[in-house]
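# Architecture at a glance
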Amino acid sequence: MQRSCVSGLGLPCPFSCKLSRTQAAAHAPLDVHLFLCIAISAVALVGFALHIAGAPRLEIIDRVEHYLYDARFLRLTMPDTVDRRHRHRGGYEASQLELGQLAVAAPARWRRLLTGCVDDYGITVLGLDVLFAEAEESSAERLIDELAASELAADDEVRTALDLLRLRIDTNIRFAESFIARDIVTGFVFKDSLAPDEPVATGALPPPLLTAEEIAGVSVPFVEAEGYIGNLPDLQNNAAAGGYFDAPLIDSDGVFRRAPLVQEFGGDLYPSLALAVARIALGGPPVQLRFASNATEMSGINLEDILLGETAIPVNERAAVYIPYRGRQGSFPYVSAKDVLAGTAPPDVLEGRIALLGASAAGLLDLRSTPVGQRYFGVEAHANLVGGLLDGLIRQQPSWSDGLELTLLVLVGLLTALVLPRLAPLAALGLIILLTGGSILLNLWMWTSLSLIVPLASLLGYTLLTSLLQINYGFFVESRNKRHLSRIFGQYIPPRLVSELDTSGEEASLEGDSRDMSAPFSDVRGFTTLSENLDARELTRLMNEFLTPITGVIQQHRGTIDKYMGDAVMAFWGAPLHDDEHAHNAVAAGLGMINAVAGLENAFRERGWPPIAVGVGVASGIMNVGNMGSEFRIAYTVMGDVVNLGSRLEGLTKQYGVGIIVSEATAAAAPRFTYRELDRVRVKGKHEPVAILEPLGLTAELSQDRIESARQFREMLHAYRNAEWDRAAAMLDALAAEHDEPLYAMYHERIRAFRETPPPADWDGVFVHMSK
């Protein structure tokens with residue numbers, strides 16, 4: 001009974017198979033099939049579970065997760081508006097003309113800037129995204145130092161006067177005094193590694209947020225610093241607070257998405273600049289860590305929040321948060337430091353605001369790659385985090401997200417293993433869409449409604465991967481007839497034709513048939529002599545090296561290998577698949593075989609093997625094709641007069657001194673080539689004369705000189721067949737002068753013989769070959 005195979009996914013097998021019910025049921029036992037489906041999902045689940053556990057992390061999943069986070073953030077919840085509640089200040093390019101680089105401005109100018117911000121413009125909290133690690137010595141201070149080292153300082157009154165004068169003109173001390181009684185938050189830098197001779201500490205740190213004693217017993221994997229560069233001690237001691245502004249948690253794709261709110265150094269916890277500014281803005285409340293296992297006591301596991309008084313800031317297990325960027329560059333207004341110093345800045349823009357002072361000139365290199373811009377000013381990144389902390393815009397990364405992710409993976413694995421293989425094609429596709437779409441919608445709901453950040457990439461990746469594996473497994477198990485047919489025809493024809501037979505649906509039969517086809521023969525010239533000079537092992541290697549490229553050329557041009565006959569190769573075009581261009585493909589393959597053998601010359605020379613040449617004969621016409629043989633052995637082959645002609649033409653290549661000869665029928669069926677007619681002959685075993693031709697190449701690729709030479713030789717043949725011996729000989733001489741060939745010498749010899757013994761009066765110009 002004719003049936004159509006149906007895969008475990010309900011996908012029809014593209015081949016029509018004759019299967020009994022018993023054979024179809026025996027395709028794959030249900031228990032084995034079910035076990036393998038579960039095994040596929042389980043193996044993939046283990047890989048993704050290890051990724052979730054971090055041993056090891058798969059970078060491709062992390063990169064996809066970063067992309068999905070950016071897509072959710074940028075397209076769904078980013079306000080992309082200018083925040084006019086919190087201000088951050090920086091120097092534009094125009095201000096550089098007066099101030100130069102802010103980090104090296106004179107202390108007196110810094111003092112004027114800070115006091116102007118707080119006292120004149122009423123900024124409530126000023127965060128400094130600037131580091132003051134070295135004191136500046138003025139020329140007046142250097143003069144006092146020189147006087148103090150001179151003989152004048154021996155007088156006590158002079159020395160006392162110099163000390164008082166130094167205090168009055170010390171710009172660093174006066175700059176430090178400008179921090180007193182003002183809510184100014186300094187910035188410093190933590191180092192995540194140290195060079196061999198690099199000092200651990202430079203400058204002073206602010207008081208820690210939590211001391212080692214206060215976090216004793218906590219096993220949170222805080223970001224740990226190896227060293228720091230702090231501010232001048234006088235500045236730091238007079239500041240309201242301090243926080244680091246480095247970025248130790250850059251993601252693997254180089255993007256600044258997350259920032260730790262605290263870092264650990266020497267067992268103590270220190271705040272980031274954004275957290276320190278936000279804390280001062282809230283009145284400096286006490287700080288606590290809150291864990292999922294106990295809302296009030298620090299049990300040391302599952303850190304969930306940092307508490308600033310009553311304000312809870314959700315954090316992940318490393319006390320980090322995703323920065324809630326408001327929008328692209330310029331989401332916070334900028335005010336020029338030059339305008340503040342000149343007193344021309346608009347008061348309403350700064351009064352009663354929080355401000356961050358930092359460099360916004362591109363040349364100062366404070367640029368970060370962020371989800372909202374590749375060249376984003378670092379000071380504005382801190383401003384976004386300050387705004388997010390104060391406005392409650394920080395999304396939580398719950399400690400149970402890994403457990404939820406793993407649970408969903410298990411559910412998807414069970415569905416793909418137990419349900420998917422039993423569904424029809426459209427239902428299977430619908431289930432895959434439902435799983436992926438449901439995962440995305442659930443994640444977006446948690447993102448928008450619950451402000452939760454739950455990983456999505458692993459769930460989508462696992463769903464698609466297991467679905468793909470199950471589908472492929474279904475095809476593998478339920479398409480045995482396709483593989484059987486491929487094995488049969490794969491012995492005869494190129495895999496590409498097997499694939500075309502599969503996709504086209506064309507019926508292919510091994511039964512006998514008569515078709516218009518082309519059959520080329522190729523043979524190594526002088527093989528007997530060659531074999532006598534090589535031992536059996538070397539000869540075998542040589543033939544393998546020769547037959548491999550020859551076979552490759554035949555299959556490249558869609559040919560079917562009939563058989564290897566020692567040094568000879570027989571092939572055909574037009575079966576088992578019909579080929580309307582069988583003659584063209586056969587001629588192209590013949591030319592390709594000659595070129596392939598020529599390409600072996602250097603490799604053969606290096607191995608000490610003699611060079612070889614090959615002759616190819618191609619004939620086209622009606623042939624018998626099919627499985628032929630006996631009950632003991634059969635072969636898929638071709639038979640007929642045209643096949644014998646192809647063999648005879650290959651033998652003639654040696655006599656005419658050419659690499660390939662085709663029949664007249666072949667040349668007529670492959671008109672895109674330019675041919676040189678060689679002769680009209682009667683080959684052994686045939687009574688009717690046939691024209692034999694040499695294909696020179698595709699007409700579109702041949703030079704005009706080559707085409708003209710073929711035309712002149714055709715004219716020579718016309719003179720030759722008309723017994724115009726002198727004219728034919730002269731034309732041969734002209735051709736030989738351009739490019740001498742054995743073919744011209746052969747015709748000279750014939751003309752000489754005909755001059756001595758003229759052909760009969762009714763001679764038709766046909767040459768009779770008595771040998772094969």
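Below or above, wherever it landed, is the structure these notes cover. In this text the structure is predicted, and so the values were computed from the model without any measurement.

## Things to note about the overall build of the protein
Tallying secondary structure elements over the protein gives 27 helices and 28 strands in all. A sequence separation of at least 24 residues applies to 73% of the contacts in the protein between residues at least 6 apart. A total of about 37100 Å² of accessible surface is found on the protein, and carbon and sulfur atoms cover 55% of it.

## So, the pairing of strand β21 (residues 560-565)
As judged from the 5 bridges shared by β21 and strand β22 (residues 568-572), these two strands associate in the antiparallel manner. Paired with Lys563 across the two strands is Met570, which belongs to β22. Between β21 and the antiparallel strand that follows it, β22, lie 2 residues; Gly566 among them carries a positive phi value of about 65 degrees.

## A look at the nonpolar core
Formed by 54 residues in total, the largest nonpolar core has its most connected members in Phe222, Leu261, Leu289, Ile313, Leu385 and Leu389. Among the elements of the structure, α3 (59-77), α10 (273-281), β13 (287-291), β14 (303-308), β16 (320-322), β17 (354-359), β19 (373-377) and α13 (378-391) are those that each provide at least two residues to this core. At 7 residues, the largest contribution of residues to this core is made by α10. Residue contacts for Leu385: discarding those within four places in its chain leaves Ala259, Leu261, Ala274, Val321, Ile323, Pro324 and Ile394. Within the second largest apolar cluster, 42 residues are counted, among which are Met517, Ala575, Leu649 and Leu735.

## Describing the pairing of strand β5 (residues 184-191)
On a regular strand, each side chain points to the face opposite its neighbour's, so the side chains alternate between the two faces of the sheet. The buried fraction of β5 amounts to 7 of the 8 residues, a majority that puts the element mostly inside the structure. Both strand β4 (residues 125-128) and β5 contribute to a ladder of 2 bridges, which runs parallel. Bridged to Leu126 within β5 is Ile184. Examined bridge by bridge, β5 and strand β9 (residues 241-244) share 4 bridges and lie parallel to one another. For Phe188, the partnering residue across the bridge sits in β9 and is Tyr244. Here β5 runs beside strand β8 (residues 227-229); their pairing, made up of 3 bridges, is antiparallel. Paired with Phe190 across the bridge in β8 is Tyr228.

## A look at the sheet that holds strand β12 (residues 268-271)
Strand order in the open sheet formed by 3 strands is β7-β11-β12, with mixed pairing between adjacent strands. Bordering the open sheet on either side are β7 (223-224) and β12, each of which pairs with just one other strand. Pairing between β7 and strand β11 (residues 262-265): 2 bridges, direction parallel. The residue bridging Glu224 from the neighbouring strand is Glu264, located in β11.

## With respect to the pattern of salt bridges
As enumerated under the stated definition, the model contains 26 salt bridges in all. We note a salt bridge from Asp119 to Arg182, for which the minimum N-O separation is 2.5 Å. With Asp119 in helix α5 (residues 107-120) and Arg182 in the loop between α8 (171-177) and β5, the pair connects residues that are 63 residues apart, well separated along the chain. The partner of Arg258 in a salt bridge is Asp251, and the shortest N-O contact between them spans 2.9 Å. Comparing Arg258 with Asp251 shows no difference in burial state: the two are buried. Here the residues in one salt-bridge network are Asp70, Asp251, Asp253, Arg257 and Arg258, joined through shared partners.

## Re the packing of aromatic side chains
The description of an aromatic ring pair uses the distance of the two centres, along with the angle that the planes make with each other. Taken as a whole, this structure holds 26 aromatic pairs when the rule is applied. Seen from their ring centres, Tyr69 and Trp447 are 5.6 Å apart, and the 75 degrees between their planes marks the pair as edge-to-face. A residue pair is termed long-range when its members are at least 10 positions apart, and Tyr69 in helix α3 and Trp447 in helix α15 (residues 425-449) qualify at 378 residues. Judged by its relative accessible area of 6%, Tyr69 falls in the buried class. When the centroid spacing of 5.3 Å and the interplanar angle of 20 degrees are considered together, the rings of Trp725 and Phe754 count as stacked. With Trp725 in helix α26 (residues 725-738) and Phe754 in helix α27 (residues 742-756), the pair connects residues that are 29 residues apart, well separated along the chain. Members of the aromatic cluster, joined through ring pairs, are Phe713, Tyr720, Trp725, Tyr744, Tyr747, Phe754 and Trp763. In this structure, Arg368 is placed above the aromatic ring of Phe256, and the distance from its NZ or CZ to the ring centre is 5.0 Å.

## Thoughts on the sheet that holds β13
The 3 strands lie next to each other as β13-β14-β15, forming an open sheet whose pairing is antiparallel. Pairing within the sheet leaves two strands with one partner each, and these edge strands are β13 and β15 (311-314). Mean inter-strand twist for the sheet, computed between neighbouring axes without regard to direction, equals 30 degrees.

Thresholds, definitions, all that
- Every chain begins its residue count from 1, and numbering advances along the sequence as written.
- Reporting of local features is limited, given that this is a predicted model, to residues whose pLDDT is at least 70; pairs of side-chain atoms are given and counted only at 80 or more, and all residues count toward the totals for whole chains, interfaces and linings.
- Excluded from the side-chain calculation are hydrogens and water; included are all heavy atoms of the structure.
- Secondary structure elements follow DSSP: runs of H or I of four or more residues count as helices, runs of E of two or more count as strands, with numbering from the N terminus.
- Should any heavy atoms of two residues lie within 4.5 Å, those residues are considered in contact.
- Using a 1.4 Å probe, the Shrake-Rupley method yields the accessible areas, and only the shown protein chains count as cover for residues.
- Only strands joined by at least two bridges in the DSSP assignment are considered to pair.
- The term nonpolar core refers to a set of buried residues drawn from Ala, Val, Leu, Ile, Met, Phe, Trp, Tyr and Cys, joined through side-chain atoms within 4.5 Å.
- Whether a residue is buried, partly exposed or exposed follows from its accessible area with a 1.4 Å probe, protein chains only, as a fraction of its type maximum: under 20%, in between, or over 50%, in that order.
- Just to be clear on terms, a salt bridge is a Lys or Arg side-chain nitrogen sitting within 4 Å of an Asp or Glu carboxyl oxygen.
- The pairing test for Phe, Tyr and Trp rings, Trp by its six-membered ring, is centres within 6.5 Å, and the orientation test on the planes gives stacked under 30 degrees, edge-to-face over 60, and tilted for anything in between.
- In our convention, an over-ring charge means Lys NZ or Arg CZ found within 6 Å of a ring centre and within 35 degrees of that ring's normal.
- Helix axes are fitted to C-alpha atoms over the stretch in contact, other axes to C-alpha atoms as well, and angles between N-to-C directions run from 0 to 180 degrees.

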